[in-house]
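Single-letter residue listing:
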Amino acid sequence: MPTSLDVRTLAGPDAYPEWLRAVSTGFFRGPGAVGEQEVAVRALDTDLDRIQGAYDGGRCVGTFRTLPQSLTAPGGALLAACAVSSVTVSPTHRRRGLLSRMTANALDAARDRGEVCATLVAAEYPIYGRYGFGPATWTTDREVLVARTGLDRRYAGPADLGDGGRVDLVDAAEFRALMPAVHERFRSGRHRQGAIDRRAKWWRTATGELRFPDDGFTPAFHAVYRDADGQPQGGVSYTSDDVWQAKQPEQTLTVRDLFATTTAGETALWRFVLAVDWVLRVRTGCRAPDDILPMLLPDPRAARTVTHADWLWLRPLDVPRMLAARDYAAADTLVLEVRDKDGYANGRFALETGGPRGGARCAATREDPEVSLDVRELGTLFLGDESAVRLAALGRLAEHREGAAERAEALFRTARRPWCQDMF
Ligand SMILES: CC(=O)SCCNC(=O)CCNC(=O)[C@H](O)C(C)(C)COP(=O)(O)OP(=O)(O)OC[C@H]1O[C@@H](n2cnc3c(N)ncnc32)[C@H](O)[C@@H]1OP(=O)(O)O
């Protein structure tokens, strides 16, 4: 029997618990698994206007949520982005266009709010390209075999590195008090493109202050790096298992979070986790592909790649504002034609760049294009991780003037690879 499927934003707070249960069903946690405390925790800092549900009669069969996000562009500018999350369609209602309807509504709303792009972390690679998203950052998870690193086991702390700083274990409350400000400085650095903001709720959840039953949270150890002036410049959160074999400790330390505003701090924090007693292996978690860690080791092969995969996907919405906000490696003028079947980013744009720290301008133009590409390829290029020349070889970027792909490459590529460390 045909049914009419209605897609709408949440009518009010009363509709939220059922919507959350639908998310849970869509992500296979099981029906009825969402208790009152979970509803209360998840409702904090949640904007109901940004939540859509798909309804079959009174039943919620599809979910979609967006969050305001601040995304770091190459050079350190912070962009207003629309972060997409909690996308599910009930197994009973798939492939009837519900995701497409919810995505179209969300992108319209993002454009109307003036958000320059949308972002997401894709559960499966083939889903989101059709909506104009392209993979823009990659993540690498490594396992370090501590005994193979060649590091001196007598290491006694940052002083051994000739660094006046120190690393101290702190409790969750102190970590929560100190680290948000450090993270804000960290993520707005010139080479931190791809980083996203962490709101107060993120820190409260990550440090176990906001909990609900069966949330799967494991308390972590926390340590802070302070520089020679006593200023916090970085921190690490990690857990460790308790494996022993034949009277020998064989523990795996898993890094949940590690960042610092300075290379000295980042180095000291890695050296700290690699020197924790009883630890045989260190799992790094979600790092940039060009993370400095392997090169800190006398034997970089001790850090083996466990997973390397796409992470943050980016969907341009406002091309002139987005392109003008970033820093470029060269001074040039390039005319790009962007194809966007959904219309948000369609058009020809003249990009004028002043080179490193030189600013950029971008505006619609009628000039002949030098390169043309689909909007999702622009999303892939924007944070600097993809090669325009490689896209041209793949037929995903067309060159209308000889050498234009190489010029695009010189503009868009970044010295460091983009890194988004967080899931949302
Ligand atoms: C940002 C995040 O939250 S990522 C999490 C995404 N959620 C999940 O993976 C949970 C499990 N999966 C689901 O809930 C659903 O299958 C969804 C949300 C992925 C898709 O929802 P649907 O309503 O079935 O998608 P919809 O019918 O709108 O499909 C639109 C198009 O995408 C295609 N498509 C949908 N899902 C997939 C998929 N997993 N793989 C490949 N193609 C897909 C459809 O075939 C369709 O193609 P067409 O336009 O060429 O006909």
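Residues numbered from 1 in each chain as written. Predicted model: local features only at pLDDT ≥ 70, side-chain atom pairs only at ≥ 80, totals over all residues.

Quoted verbatim from the Sequence similarities (unreviewed entry) field of UniProt, the annotation for the protein chain is "Belongs to the acetyltransferase Eis family." Entered under Subunit (unreviewed entry) in the UniProt record, the comment concerning the protein chain runs "Homohexamer; trimer of dimers." (UniProt positions renumbered as here; feature names shortened; annotations may be inferred.)

Would you mind going over helix H6 (residues 263-274) with me for this structure?
Because an α-helix packs 3.6 residues into every turn, residues spaced three or four apart end up facing the same way. In this model, H6 (twelve residues) spans 16 Å end to end at C-alpha, consistent with the 16 Å of a helix rising 1.5 Å per residue. Those residues of H6 lying buried are Ala264, Gly265, Glu266, Thr267, Ala268, Leu269, Trp270, Arg271, Phe272, Val273 and Leu274. (Helix = DSSP H or I, 4+ residues; strand = E, 2+ residues; numbered from the N terminus. Expected span 1.5 Å × (residues − 1). Buried ≥ 20, exposed ≤ 12 C-beta atoms within 10 Å, placed from the backbone.)

It is not clear to me how the site of the ligand should be interpreted in this structure. Could you clarify?
The local shell around the ligand holds 22 residues, among which Val87, Val89, Arg94, Leu99 and Ala123 are the closest. Mapped onto the shell around the ligand, the elements with two or more residues apiece are strand S4 (78-89), helix H3 (98-113) and strand S5 (117-121). Ranked by residues supplied to the shell around the ligand, first place goes to S4 with six residues. Within the shell around the ligand, the residues separate by chemical class into eleven nonpolar, six polar and five charged. (Near = placed C-beta within 6 Å. Nonpolar A, V, L, I, M, F, W, Y, C, P; charged D, E, K, R; others polar.)

Could you clarify how one ought to interpret unusual backbone geometry in this entry?
Most peptide bonds take the trans configuration, and most residues that are not glycine carry a negative phi. If you check the backbone angles, Ala246 has positive phi at about 45 degrees while not being a glycine. Mapped onto the secondary structure, Ala246 falls in the loop between strand S11 (244-245) and strand S12 (248-249). Here Arg357, not a glycine, exhibits a phi torsion of approximately 65 degrees, which is positive. The topology assignment puts Arg357 in the loop between strand S18 (347-354) and strand S19 (360-364).

Explain helix H1 (residues 16-26) here, please?
Within H1, burial applies to Trp19, Leu20, Arg21, Ala22, Val23, Thr25 and Gly26. Along its buried surface, H1 packs onto helix H2 (36-43), strand S2 (51-56), strand S3 (59-72) and S4. Looking one or two places after H1, you find Phe28, whose phi comes out positive at around 65 degrees. (Contact = placed C-beta atoms within 7 Å.)

Just checking my understanding: could you explain the pairing of strand S7 (residues 138-145) for this structure?
Regular strands place their side chains on alternate faces of the sheet. One ladder, built from seven bridges, connects S7 with strand S15 (residues 303-310); its direction is antiparallel. When the sheet's bridge partners are listed, Trp138 is paired in S15 with Asp310. Alignment of S7 against strand S14 (residues 279-283), held across three bridges, turns out to be antiparallel. The residue of S14 that forms the bridge with Leu145 is Arg281. (Pairing = 2+ DSSP bridges.)

Sorry if this is basic, but what is going on with the sheet that holds strand S9 (residues 221-226) here?
The strands that make up a sheet are held in pairs by hydrogen bonds between backbone atoms, and each pair lies either parallel or antiparallel. Strands sit in the order S8-S9-S10-S13-S14-S7-S15 across an open sheet of seven strands; the sheet is mixed. The sheet is open, and its two edges are formed by strand S8 (166-170) and S15, each paired on a single side. Between one strand axis and the next, the sheet turns through 25 degrees on average, direction left out of account. Here S8 runs beside S9; their pairing, made up of five bridges, is antiparallel. Directly across from Val170, in S9, lies its bridge partner His222. Set on the sheet, helix H4 (residues 172-187) makes contact with S8, S9, strand S10 (232-240) and strand S13 (251-260); between it and S10 the angle comes to about 125 degrees. Those strands touched by H6 are S7, S8, S9, S10, S13 and S14, and its axis lies near 25 degrees from that of S10. (Axes fitted to C-alpha atoms, helices over the stretch in contact; angles between N-to-C directions.)

For this particular structure, what's the right way to read the UniProt feature "binding site: acetyl-CoA" (unreviewed entry) in the protein chain?
UniProt records the feature "binding site: acetyl-CoA" (unreviewed entry) at Val87, Thr88, Val89, Arg95, Arg96, Gly97, Leu98, Leu99 and Ser100, using the numbering of this structure. With respect to the helices and strands, Leu98 occurs in helix H3. For Leu98, a count of 24 C-beta atoms within 10 Å gives the class buried. Not counting residues within four places of it along the chain, the set of residues in contact with Leu98 comprises Leu5, Val7, Ala54, Gly62, Val89 and His93. The topology assignment puts Ser100 in helix H3.

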